[in-house]
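Okay, here's what each chain looks like letter by letter:
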Amino acid sequence: MLWYKSWLETRSRFLIGLVLLICSAFFTVLSYPQVLRLLSLVPSNIGGEIGRRVQEVANLEREYRGYIWWEWFRHNLPQTWTIFAVLLGTGGLVSQPSGRGALFTLSMPVSRNRLIGVRAATGLAELFVLAFVPSILIPLVSPAIGQSYGVADALAYSACLFIAGSVFFSLATLLSTVFNDVWRPLLFALGPALLLSLFEQALAARAGAPNAASQMSSMLLRLSQLGIFHTMHGEHYFRVGQLPWLGLLFSGALSAALQYGAAKSIARRDF
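Just so we're clear, the structure is a prediction, and the values are computed from it rather than from any experiment.

A. Region of interest: the environment of Leu258. Mapped onto the elements of the fold, Leu258 is located in helix α12 (residues 245-268). Among the residues examined, Leu258 registers a relative accessible area of 15% and is labelled buried. Each C-alpha atom of the pair Leu258 and Thr173 lies 8.1 Å from the other, and the pair is 85 residues apart in sequence. When neighbours within four sequence positions are excluded, Leu258 is seen to be in contact with Val167, Ser170, Leu171 and Leu174.

So, in structure tokens, the structure goes:
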């Protein structure tokens, strides 16, 4: 019954996210021929740092593998998926619209740890589907435009997204045991996600700057590889062909710690 109750509470958010991501995956693949035509119009004489970045992205997207990583696994998928990870993490026992709902749930012959454990497991299962199902469509739809994409690559990027991105789900779950409404956990989880994304981008840009000292650049590069968004994007896998194990371990441990904090918080809560 607990599993079914958790499913009923989250199914609308999950299904909306699944439909949006599936449509986005189709659009990303089918847009590639048009993107190739537009890339042929990009001038090669743009100067400065902006010109360098434009040329870098243009060269990357001329290859189908680079295009899919840049557009789907680095931008469209993680951005939308993170929003729904936070949405699925919010709510639960504390933020139920009426006290009667919370009292009914607490009256059930199960522990509070099991209550929050089932809620978290349901959300993670839904996020697993949101991470893998739309991405698997990439190899399946690619032949429609005369291209091919490896299933193993799609699975690797999806695994990076799911493991690292679960941090934001766990953060929203923890915040939902602290606040009695839905909006504050939502905002307080999305806000740090946005700031962290900007910080990691700045750190990576600083590491790749032409005038950066080699020792400093190397240190910043290693630090950026532990970043949650860097791990979610699977950039290390794209560049080197290896999974970012340190980033995955760090993100997984952080997510587990946040879930543990949520369990402790709900256990001490006086309803």
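B. Highlighting the environment of Ser31. Examined against the element boundaries, Ser31 turns out to sit in the loop between α1 (2-30) and α2 (32-39). A C-alpha to C-alpha distance of 9.2 Å links Ser31 and Ile145, two positions 114 residues apart in sequence. For Ser31, the side chain forms a polar contact with the main-chain oxygen of Phe27, separated by 2.6 Å.

C. Layout of the pattern of salt bridges. Counted by the stated rule, this structure contains three salt bridges. The salt bridge involving Arg239 is made with Glu235; its shortest N-O contact spans 3.4 Å. Note that Arg239 and Glu235 are positioned in helix α11 (residues 235-240) at a spacing of four residues, about one turn of the helix. For Glu235, a relative accessible area of 19% puts it in the buried group.

D. Spotlight on the packing of aromatic side chains. In total, this model carries 14 aromatic pairs according to the counting rule given. Relative to Tyr67, the ring of Tyr32 lies with its centre 4.8 Å away and its plane at 45°, an arrangement referred to as tilted. Here Tyr32 is found in helix α2, whereas its partner Tyr67 is found in helix α4 (residues 64-89), with 35 residues between them in sequence. Here Tyr32 and Tyr67 have matching classes, each one buried. The rings of Tyr32, Tyr64, Tyr67, Phe73, Tyr149, Tyr157 and Tyr237 are connected pair by pair, giving a single aromatic cluster.

E. Up close: a nonpolar patch on the surface. On the surface, Leu194, Leu195 and Leu198 cluster together into a nonpolar patch covering about 320 Å² of accessible area. Within the secondary structure, Leu198 is located in helix α8 (residues 183-207). Among the residues examined, Leu198 registers a relative accessible area of 46% and is labelled partly exposed.

F. Main features of helix α7 (residues 151-176). Taking 1.5 Å of rise per residue, the 26 residues of α7 would be expected to cover 38 Å, and the 36 Å separating its terminal C-alpha atoms lies within 8% of that figure. In terms of residue burial, α7 counts as a mostly covered element, since 19 of its 26 residues are buried.

Conventions adopted
- Residues numbered from 1 in each chain as written.
- Predicted model: local features only at pLDDT ≥ 70, side-chain atom pairs only at ≥ 80, totals over all residues.
- Heavy atoms only, no water.
- Helix = DSSP H or I, 4+ residues; strand = E, 2+ residues; numbered from the N terminus.
- Buried < 20%, exposed > 50% of the residue type's maximum accessible area, 1.4 Å probe, protein only.
- Contact = heavy atoms within 4.5 Å.
- Polar contact = N/O pair within 3.5 Å; in protein donor to acceptor, adjacent residues only side chain to side chain.
- Salt bridge = Lys/Arg side-chain N within 4 Å of Asp/Glu carboxyl O.
- Phe/Tyr/Trp six-rings, centres within 6.5 Å; stacked < 30°, edge-to-face > 60°.
- Patch = residues over 30% accessible without salt bridge, like charges linked within 9 Å, V, L, I, M, F, W, Y side chains within 5 Å.
- Areas by Shrake-Rupley, 256 points an atom, 1.4 Å probe, with all protein chains shown as cover.
- Expected span 1.5 Å × (residues − 1).

Function cannot be inferred from these measures alone, as they are strictly geometric.
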